[in-house]
4 protein chains.
Amino acid sequence: MIKVGIIGSTGYAGAEIVRLLLQHRYTEIVWYGSRSYVDKKYYEVFSNMFQIVEDKCLDDNMEELADRVDVIFTATPQGLCASLVNEEILNKVKIIDLSADFRIKDVGIYEKWYNIEHKSPQFIGEAVYGLCEINREQVKKARLVANPGCYPTCTTLSIAPLLKEKVIRPDTIIVDAKSGTSGAGRGAKVNNLFCEVNENIKAYGVATHRHTPEIEEQLSYAAGESVMINFTPHLVPMNRGILVTAYASLAKTVTYDEIKAIYDKYYDKETFVRVLDKDVCPETRWVEGSNYVDVNFKIDERTNRIIMMGAMDNLVKGAAGQAVQNMNIMFGLEEKEGLMQVPMFP
Amino acid sequence: MIKVGIIGSTGYAGAEIVRLLLQHRYTEIVWYGSRSYVDKKYYEVFSNMFQIVEDKCLDDNMEELADRVDVIFTATPQGLCASLVNEEILNKVKIIDLSADFRIKDVGIYEKWYNIEHKSPQFIGEAVYGLCEINREQVKKARLVANPGCYPTCTTLSIAPLLKEKVIRPDTIIVDAKSGTSGAGRGAKVNNLFCEVNENIKAYGVATHRHTPEIEEQLSYAAGESVMINFTPHLVPMNRGILVTAYASLAKTVTYDEIKAIYDKYYDKETFVRVLDKDVCPETRWVEGSNYVDVNFKIDERTNRIIMMGAMDNLVKGAAGQAVQNMNIMFGLEEKEGLMQVPMFP
Amino acid sequence: MIKVGIIGSTGYAGAEIVRLLLQHRYTEIVWYGSRSYVDKKYYEVFSNMFQIVEDKCLDDNMEELADRVDVIFTATPQGLCASLVNEEILNKVKIIDLSADFRIKDVGIYEKWYNIEHKSPQFIGEAVYGLCEINREQVKKARLVANPGCYPTCTTLSIAPLLKEKVIRPDTIIVDAKSGTSGAGRGAKVNNLFCEVNENIKAYGVATHRHTPEIEEQLSYAAGESVMINFTPHLVPMNRGILVTAYASLAKTVTYDEIKAIYDKYYDKETFVRVLDKDVCPETRWVEGSNYVDVNFKIDERTNRIIMMGAMDNLVKGAAGQAVQNMNIMFGLEEKEGLMQVPMFP
Amino acid sequence: MIKVGIIGSTGYAGAEIVRLLLQHRYTEIVWYGSRSYVDKKYYEVFSNMFQIVEDKCLDDNMEELADRVDVIFTATPQGLCASLVNEEILNKVKIIDLSADFRIKDVGIYEKWYNIEHKSPQFIGEAVYGLCEINREQVKKARLVANPGCYPTCTTLSIAPLLKEKVIRPDTIIVDAKSGTSGAGRGAKVNNLFCEVNENIKAYGVATHRHTPEIEEQLSYAAGESVMINFTPHLVPMNRGILVTAYASLAKTVTYDEIKAIYDKYYDKETFVRVLDKDVCPETRWVEGSNYVDVNFKIDERTNRIIMMGAMDNLVKGAAGQAVQNMNIMFGLEEKEGLMQVPMFP
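Residues numbered from 1 in each chain as written. Chains lettered and ligands numbered in written order. Predicted model: local features only at pLDDT ≥ 70, side-chain atom pairs only at ≥ 80, totals over all residues. Heavy atoms only, no water.

## Notes on the overall build of chain A
Helices and strands together make up the secondary structure of chain A, namely twelve helices and 13 strands. Computed over the C-alpha atoms, the radius of gyration of chain A is 20 Å, within 12% of the 20 Å expected from 2.2 N^0.38 for a compact globule of 346 residues. Viewed in the frame of its principal axes, chain A has a C-alpha envelope of about 60 × 45 × 40 Å. Excluding contacts between residues fewer than 6 apart, the proportion of contacts in chain A whose partners are at least 24 apart in sequence is 70%. Accessible surface, chain A: about 11,000 Å² in total, of which carbon and sulfur atoms supply 46%. Within chain A, the 47 negative side-chain charges are centred at a point lying 2 Å from the centre of the 39 positive side-chain charges. (Helix = DSSP H or I, 4+ residues; strand = E, 2+ residues; numbered from the N terminus. Rg over C-alpha atoms; globule rule 2.2 N^0.38 Å. Contact = heavy atoms within 4.5 Å. Areas by Shrake-Rupley, 256 points an atom, 1.4 Å probe, with all protein chains shown as cover. Lys, Arg positive; Asp, Glu negative; His and termini not counted. Charge placed at Lys NZ, Arg CZ, Asp CG, Glu CD.)

## Remarks on the interface of chain A and chain B
Between chain A and chain B, the residue contacts involve 37 residues of the former and 37 residues of the latter. Interface area, chain A with chain B, both sides summed: about 3,200 Å², of which 60% is carbon and sulfur. On the chain A side of the interface with chain B, the three residues burying the most area are Val342, Met344 and Pro346 of chain A, jointly 21% of the side's total. Here chain A is connected to chain B by twelve residue pairs in polar contact (both at pLDDT 80 or more). Taken together, the elements giving at least two residues each to the side of chain A that touches chain B come down to helix H1 (12-22), helix H2 (42-45) and strand E11 (273-275) of chain A. Per-element accounting of the side of chain A that touches chain B gives the leading share, four residues, to H1 of chain A. (Buried area = accessible area lost by both parts, 1.4 Å probe. Polar contact = N/O pair within 3.5 Å; in protein donor to acceptor, adjacent residues only side chain to side chain.)

## Things to note about the domain arrangement of chain A
Residue and element names in this part refer to chain A. Here the domain parsing of chain A yields domain 1 (2-126) and domain 2 (151-314). A C-alpha centroid distance of 27 Å is found between domain 1 and domain 2. Counting from both sides, the interface comprises 14 residues of domain 1 and, opposite them, 15 residues of domain 2. At the boundary of domain 1 with domain 2, total buried surface from both sides reaches about 1,300 Å², with 52% on carbon and sulfur atoms. Contact with domain 2 buries area across many residues of domain 1, yet Tyr12, Arg103 and Trp113 alone supply 49% of it, more than any other trio. Here domain 1 is connected to domain 2 by two salt bridges. Between Arg103 and Glu214 there is a salt bridge, with the nearest N and O atoms lying 3.0 Å from each other. On the surface where domain 1 and domain 2 come into contact, there are six residue pairs in polar contact (both at pLDDT 80 or more). Of all the elements in the fold, those that place two or more residues in the side of domain 1 that touches domain 2 are H1 and helix H6 (107-114). (Domains from an automatic or database assignment. Salt bridge = Lys/Arg side-chain N within 4 Å of Asp/Glu carboxyl O.)

## A closer look at the interface of chain D and chain A
By a widely used convention, the size of an interface equals the accessible area lost when the partners come together. Each partner contributes residues to the interface: chain D has 49 residues there, and chain A has 49 residues. Across the chain D-chain A interface, the total number found is six salt bridges. With its nearest N and O atoms 2.4 Å apart, the salt bridge here joins Glu216 of chain D to Arg302 of chain A. Linking chain D with chain A are 32 residue pairs in polar contact (both at pLDDT 80 or more), by the criterion used here. Among the elements that take part in the side of chain D that touches chain A, strand E8 (residues 174-179) of chain D stands out by supplying four residues, more than any other. Classifying every residue of the side of chain D that touches chain A gives 22 nonpolar, twelve polar and 15 charged. (Nonpolar A, V, L, I, M, F, W, Y, C, P; charged D, E, K, R; others polar.)

## Considering the sheet that holds strand E4 (residues 94-97) of chain A
Residues and elements named next belong to chain A. Read across the sheet, six strands follow the order E2-E1-E3-E4-E6-E5 without closing on themselves; strand pairing throughout is parallel. The sheet is open, and its two edges are formed by strand E2 (27-33) and strand E5 (128-129), each paired on a single side. Both strand E1 (residues 2-7) and E2 contribute to a ladder of six bridges, which runs parallel. Bridge pairing in E2 links Ile6 to Tyr32. On top of the sheet, H1 reaches E1, E2 and strand E3 (71-74); it is set at about 155° to E2, its chief contact. (Pairing = 2+ DSSP bridges. Axes fitted to C-alpha atoms, helices over the stretch in contact; angles between N-to-C directions.)

## Quick notes on the relation of the copies chain A and chain B
Least-squares fitting of chain A to chain B yields an RMSD of 0.0 Å, with the transformation described by 0.0 Å of translation along the axis and a rotation of 180°. Here the copies are linked by what is in effect a two-fold axis. Most of the interface of chain A is mirrored in chain B, where 100% of its interface residues are also at the interface. (Least-squares fit on C-alpha atoms with pLDDT ≥ 70 in both.)

## Observations regarding the pairing of strand E2 (residues 27-33) of chain B
Of all seven residues in E2 of chain B, six are buried; the element is thus mostly enclosed. In this region the chain leaves strand E1 (residues 2-7) of chain B, passes through helix H1 (residues 12-22) of chain B and returns to the parallel neighbour E2 of chain B; the handedness of that crossover is right-handed. (Buried < 20%, exposed > 50% of the residue type's maximum accessible area, 1.4 Å probe, protein only. Right-handed = clockwise from strand over helix to strand, strands pointing away.)

## Observations regarding the packing of helix H8 (residues 150-164) of chain D against helix H11 (residues 256-267) of chain D
Residue and element names in this part refer to chain D. Direction vectors running N to C along H8 and H11 enclose 110°, while the axes themselves pass 9 Å from each other. What the angle tells us is that H8 and H11 run roughly perpendicular. Crossing angle aside, the handedness with which H8 passes H11 is right-handed. Where H8 abuts H11, its residues Thr156, Leu157, Ser158, Pro161, Leu162 and Lys164 lie against Ile259, Ile262, Tyr263, Tyr266 and Tyr267. Considered class by class, the residues forming the contact of H8 with H11 number eight nonpolar, two polar and one charged. (Parallel < 35°, antiparallel > 145°, perpendicular 65-115°, else oblique. Left-handed = near helix turned anticlockwise from the far one by under 90°.)

## Things to note about the environment of Ala248 of chain A
With respect to the helices, strands and loops of the structure, Ala248 of chain A is situated in strand E10 (residues 242-249). Not counting residues within four places of it along the chain, the set of residues in contact with Ala248 of chain A comprises Ile168, Thr172, Ile173, Asn304, Arg305, Ile306 and Met308 of chain A.

## As for the state of the cysteines
On inspection of all chains with the given rule, the structure shows zero disulfides over all chains. Left unpaired, Cys154 of chain B is separated from the closest cysteine sulfur, that of Cys150 of chain B, by 9.0 Å. Of all cysteine sulfurs in the structure, the one in Cys154 of chain C sits closest to Cys132 of chain C, which takes part in no disulfide; the separation is 14 Å. Residue Cys132 of chain C is classed as buried on the basis of its relative accessible area of 0%. (Disulfide = S-S within 2.5 Å.)

## A closer look at the sheet that holds strand E6 (residues 128-129) of chain D
All names here are of chain D. The parallel open sheet is built from seven strands, whose spatial order is E3-E2-E1-E4-E5-E7-E6. Strands at the two margins of the open sheet, each flanked by one partner only, are strand E3 (57-58) and E6. Sheet topology places strand E4 (residues 71-74) next to strand E5 (residues 94-97); four bridges connect them, and they run parallel. In the strand pairing of E5, Ile72 is matched with Ile95. In this fold helix H12 (residues 316-330) packs onto strand E1 (2-7), strand E2 (27-33), E4, E5 and strand E7 (144-146), with an angle of close to 155° to the strand it touches most, E5.

## A word on the pairing of strand E7 (residues 174-179) of chain A
All names here are of chain A. Extensive coverage of E7 is indicated by the burial of six of its six residues. Here E7 shows two buried faces, one formed by Ile174, Asp176 and Lys178 and the other by Val175, Ala177 and Ser179. Of the strand pairs in this sheet, E7 and strand E9 (residues 230-235) are connected by six bridges, and their pairing is parallel. Along E9, the bridge assignment pairs Asp176 with Thr232.

## Structural notes on helix H12 (residues 316-330) of chain B
All names here are of chain B. Here H12 spans only 18 Å end to end across 15 residues, well under the 21 Å set by a 1.5 Å rise per residue. Along H12, the helix axis deviates most sharply at Gln322, where the bend reaches about 45°. A large share of H12 lies buried, amounting to 15 of its 15 residues. Remark: Gly332 follows H12 within two positions and exhibits a positive phi of approximately 75°. (Expected span 1.5 Å × (residues − 1). Bend = angle between axes of the 7 residues up to and from the residue.)

## Let's talk about the environment of Asp300 of chain B
With respect to the helices and strands, Asp300 of chain B occurs in strand E12 (residues 293-300). Residues Asp300 of chain B and Leu250 of chain B lie 50 residues apart in sequence; the distance between their C-alpha atoms is 9.5 Å. Side-chain polar atoms of Asp300 of chain B contact the side chain of Asn230 of chain C, separated by 2.9 Å.

## Quick notes on the packing of helix H1 (residues 12-22) of chain C against helix H12 (residues 316-330) of chain C
All names here are of chain C. One way to put it is that H1 packs onto H12 with a least axis distance of 9 Å and a crossing angle of 50°. Comparing their axes, H12 and H1 come out oblique. Crossing of H1 over H12 shows right-handed handedness. Here Ala13, Glu16, Ile17, Arg19, Leu20 and Leu21 of H1 come into contact with H12, specifically with Val316, Ala319, Ala320, Gly321, Val324 and Met327. Each residue belonging to the contact of H1 with H12 can be placed in one class, and the counts come to nine nonpolar, one polar and two charged.

## Some details on the pattern of salt bridges
In this structure the tally under the stated criterion is 112 salt bridges over all chains. Between Lys92 of chain B and Glu88 of chain B there is a salt bridge, with its nearest N and O atoms 3.6 Å apart. In this pair, Lys92 of chain B and Glu88 of chain B are both assigned in helix H5 (residues 87-92), four residues apart and thus about one turn of the helix distant. Judged by its relative accessible area of 39%, Lys92 of chain B falls in the partly exposed class. With its nearest N and O atoms 3.1 Å apart, the salt bridge here joins Glu137 of chain C to Lys140 of chain C. Taken together, the positions of Glu137 of chain C and Lys140 of chain C, both in helix H7 (residues 132-141) and three residues apart, correspond to about one turn of that helix. Within the structure, one salt-bridge network assembled from shared partners comprises Glu16, Arg19, Arg240 and Asp313 of chain A.

So, in structure tokens, the structure goes:
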């Protein structure tokens, strides 16, 4: 059994790691970390775990954790993982960090967009960006995986194949994204109260959202050149789900079949990326609770643009599910182990 | 592998049977029945099943099904199962009927409340009411299981122990229940449109709901005498979940510990019934997607009444999950096989 | 013009007073009180007021307010109004208190249920309980009106006529109520976050909710004897609306027409209480944004009980609307002035 | 009093016309048209109207209506108004058509996108496109007003000023729009059931939505040249509200103040268009139930693009409210008469 410690187990992403690992055949959670709820029974924080988890919440202690577990998930605010990790710890234990600390290779960009000083930039280089479908081979050997952000995961998987095959113009990409409210976390803020979110839709972080440089870095790798995009996230009155609607101008004349062939080339053998049938739009309801990403596209011949769409569960493929997928890869398990939940509808 | 046929696989309950059985180790669905969608790919009706189910929908044909499968689930409108079943079929195949056709032992009561003629009353006697925690032994030997209604399951499990132990007065029971909208089915009706249900709560079927006699019959068995109740269901703007709030006068002075001991006596060894800690109210969010029923109670010394509460997922323990639980029992599998989904939150 | 000051104008009830008074022909709001947002523009707290309200929020100062306005609405936590009011103030200005401070005549009961010391019990006697349809005459002369709670308003209007006419047994009343989330206020609490409330229903305050003694007092007046009830509120994933489903045993054999005649006797001339047609259940969607209370009933001959139902908008008739209605009465205006909003659907 | 007839009064837009006109000082509704509910009391279709509207629904009869009323609102499916209108009728009565029949000047484009034959193309020329803020003068003299679509209203008001002032490049416009579900109408379709819409977001009509040519026509007028755009609508799990997020490349270097000055130039004197403060994003919750459109923008210097945003209530400014605004203009009333509802929050 793989021994697991979770730092930040009482946020929504942390709780989702728990849900998934409880149904994983080869893991055992031995540390439910939560600074806010130390000594409280985990099921008192999340009553769905009543009679399932008997553990109490423990404080953050990465040193001790490194001695007791095989892998640590950090589902914590930006900066925490970077402030705790060191060479000794990385020699003892694998770390999958769900924060943004090790996602961006250029520390200057990280510090500018996150407005935070990076406490261990020496590990940025070795950290592997854990977008499994793209960096699978590097993940296998990684000590430290930077688990991708929710928007970057959905956006990159929707767009990257067309950039790689040079059928879209990199300087024309616009990403309009929509997310359920669990993405905003479990902090008690007026703006996330039921009555504030319900019956409302809004854009936020327009032209300033922190996932922008992360997406741009990944798309740049795909394009083989520096890519700058517009990225606008929106808050949707639902619990889970991310939908990406992305636009780009076509670099050449293409047919439906040609584009379909490109997506198939990249995703045909991927369990978790489903390229939908012609004219079927991705919808978040069809992936809820699962690790799937549904992608599709539509060519608009009138404007010579292509609309690329992706839908996934922000807490699964956008956070905990991908983290488990990375863990599976790192430990030599079958990649889909514990992740074959059928999407729950309705 | 147990070969399974589903009649009515494109309703919400039918789809939930599919979701559960796809994650069951010992079953294979060989017949996706749906009169409305014959010849359509199942995943075109429910896109969550894309790349998971390749089958097409088939027409209802219980004769042929009986030759091809080991068990038939009928998730169909009232009357259909009763019109199709016969001795020959029952000799070949086990039937788990999710409709009300075989739940009520008195055919006159059935015909009065459902306003329908029963087409095969000769099988009512042998049909076993599949409330697993109560009728487990009979289910083991049953050819025909009447899978309980959603409200009756939650209500009976919340109240029956106190009736059995004679601590509440049977003539004082009032059941006020609340259900998510999936309970209303997938039929295209104005009253179930998003804008009609959203931002609204209403009672319906007041003093006339068809689950009333079913609940009364089960409570009567528990009480050992004829019980008549008030039952008022309400429609809640959410997808899944049933909450029962039931009231009764106490037959004698009791303490919290005494009542707790009664619930524990009946449910201590039950996997799927969770008696919550003191003063914790059941909430539907904590059971979503799972087969659990959470129950608890509160004594009101001022009025000498007790408030009994139960929460469950109407599509799982209230329909498909309990049906699979019955199947497990009928086929000698471990009862919780394929049913240990951790509740999904949020 | 009636000059109005609002203490607590940045809660949901306070904001609703603002919304209503902005559409009232004879009032002018001169004081937007909000301790939390002093000096902030009111429209920065509630952007719907952009270009409508230019005022800044002001601190609580009842002394100064008493000199500047004709009426003060206090939409504040329990205890605040009682701590501020005094004889001098009451001689200068009318006060409509939306908190519970002056609703309950027995200060001991208030202090027990609210767990708070009452700071000005000397005014409890003269305070008029502002349930307009019942206490209209006293409201006319009042200096201090205790604006009723949301649940007590809906419950009392649904039940009182039958108690007054002695057709139901006072010792059998059970009130099962459901409320939208705006009733929980705008405080930043985890339990009221979108993801916690959405897709969930729960009971809360079972057998302990503070509105219980308030309801009992009002029902006792109607019955002419002391009434004790069970009251269970539930939280519903919607913004606005309260639904009351109340149960009682009939004291004698009655027909539909007899009960209908009783309701009509009390409400025929009331603008804001609508007795629905036979078999039509009140629904919160039909009163949203308006001051209406829809009531109806169903006799269950099987159990000799009657189910009484009421629906209203908790922020209007359950708070701000009734407060304005009281103001209209106190100032000799037509009672419905500024309150004839047509319910908004959907 | 202006006598009003409504054809299609039992759809959501029709019902909203009723709601608004009941609160209008100078109108009287004398014809509640509804082919589906002929002879049914209007309040039986919409119970919010109980004790407010006593009329029965009447069949469509434009001939008779023309003799009895001063203005007809047609809130009906595409094609109906065009099939009923004729010269004689237009000589007797003013018509405000909420369908798309007379919005598009090029009948070929209409017939292609709507896949319908236009039955009275001879009136397209004289019909005035009723986007009040832009075509106010022509509306004054119109016999026939084509009330704009919801998406086109919000999009045009958000973008047109910048096109007119030539600060954005017309060939780079991308419109990503999000709508509440009332925009889908009250027809009983599986796709609009509560459980299908709730907890979901999806794009629809990608590159094919019928509002595309309407938007393009209006933007072309603003630009003074032919404009082609990408338009992608999304369905959001809420009742009301439209949010437009539009993107365009800047045609020259501009500052925040310059763009702000342009919006102010066009909207400073407009009651219903609110240009928000810097960095405040429009949100649908702040306009709900009102005729306001909130607009704002954000310059992204990194990409040299501008993000233009607009929010409004699709049933008010996007349908019924704008129709009433047009009526006010046509009849020489103050434009905001009956339309000063304060947005309702929450």
